[in-house]
Amino acid sequence: MTVIPFKAPGQGLTFDELVDLYLASRDLAGTTRLAYERTFTAAAGEWGSDRPAAMIGVDDVERLLCRWADAKATTANRHRAALSSLFAFAVKRGEVTTNPVEATERRRQLADRDQRRAIDRADLEAVLSDRALPLREKTLWRLLYETAARANEVLSLDVEDLDMVRRCADTKGKGGNDETLHWSTGTARLLPRYLDGRTTGPVFITARRAQLEVAVSDRTAGGHARLSYRAAANEIARRTGWTLHQLRHSALTHLAEDGVDVPLLKAKSRHRSLRSLERYVRPGDDAVRAVTDALDPTRRTRRR
């Protein structure tokens, strides 16, 4: 148990003491806490854990952020956000007069259009049919595509949530609403193989046993932890260059190309409004070309 020496606001906390107070005052999710702790550990290594928090300035923060200059903008901005939250807490306590992180620039995150496009059906099927693809990824990606679900909804599933006969699962959707996900034959064939007899615990789990203590609900009887969003996202990006969200996007686009009515698309995607659904219902070039050819007024039709 960490003992935090009591100091009234303004009595000169060290950086290490400030971090301990900050973490103790926040009800952070496990993965968020670990991410913040990594940032603060790097900062302590750069500035010194015993350095007074009030002596840390803009130049110190900029020098630390240079450590992630070659990382993705999202990664660098995540570290910056953790530091900004810490020093905002320090300002509120009266340990520092200003937040030095606010004077640094947030890196611009460029939107990658390819990441927002639907995946070609042939490319998707080629990847999902690849014998070299690990069974966990094959099952997860197929389930995400067939359910058109958000990644967090699927990663939060427990084995007890699955109805293997009806091919559906209950989950918590956006906003905490109770939702039902439905899948097809591809997933129905893969799930029993992947679960390999497991009847409780998280559906998608880490390949190795968890090195850190995790909540009971996030581990199996064998000690494996629930697969995190970050690990799942990194794996699909490393293997394909896609994002987890592209599987949902692709599923809805392909259904629209197949002529599925908008009300059914809305039910499948569980969007609250049609306007939110519009950005997904964008048929690809092949579909546009096919309908253009089919409706060509000069097209010769075969007569019986």
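Just above sits the structure.
Residues numbered from 1 in each chain as written. Predicted model: local features only at pLDDT ≥ 70, side-chain atom pairs only at ≥ 80, totals over all residues. Heavy atoms only, no water.

A.B. asks: I'd like a description of the sheet that holds strand 2 (residues 168-172), backed by residues and values.
C.D. replies: Pairing is antiparallel in the open sheet, where three strands are placed in the order 1-2-3. At either margin of the open sheet sits one strand with a lone partner, and together these are strand 1 (162-163) and strand 3 (178-182). (Pairing = 2+ DSSP bridges. Helix = DSSP H or I, 4+ residues; strand = E, 2+ residues; numbered from the N terminus.)

A.B. asks: Can you tell me about the environment of threonine 206, naming the residues and giving the values?
C.D. replies: As for its placement among the helices and strands, threonine 206 is situated in strand 4 (residues 205-209). With a relative accessible area of 23%, threonine 206 lands in the partly exposed category. Spatially, the C-alpha atoms of threonine 206 and arginine 219 are 9.2 Å apart, while their sequence positions differ by 13 residues. Residues in contact with threonine 206, not counting those within four places in the same chain, are Arg136, His224, Ala225, Arg226 and Leu227. (Buried < 20%, exposed > 50% of the residue type's maximum accessible area, 1.4 Å probe, protein only. Contact = heavy atoms within 4.5 Å.)

A.B. asks: Give a description of the pattern of salt bridges that names residues and reports values.
C.D. replies: Evaluated as defined, the whole model comprises 16 salt bridges. Salt-bridge contacts for arginine 63 lead to glutamate 46; the nearest nitrogen and oxygen are separated by 3.0 Å. Of this pair, arginine 63 sits in helix 3 (residues 58-65) while glutamate 46 sits in helix 2 (residues 30-47), placing them 17 residues apart in sequence. Judged by its relative accessible area of 27%, glutamate 46 is partly exposed. Glutamate 235 is the partner of arginine 239 in a salt bridge, and the nearest nitrogen-oxygen pair spans 2.6 Å. One end of the pair, arginine 239, and the other, glutamate 235, are both in helix 9 (residues 229-240), four residues apart, so they sit about a helical turn from each other. The class of glutamate 235 is buried, set by a relative accessible area of 15%. Taken together, the shared-partner salt bridges in this structure form one network comprising Glu46, Arg51, Asp60, Arg63 and Arg67. (Salt bridge = Lys/Arg side-chain N within 4 Å of Asp/Glu carboxyl O.)

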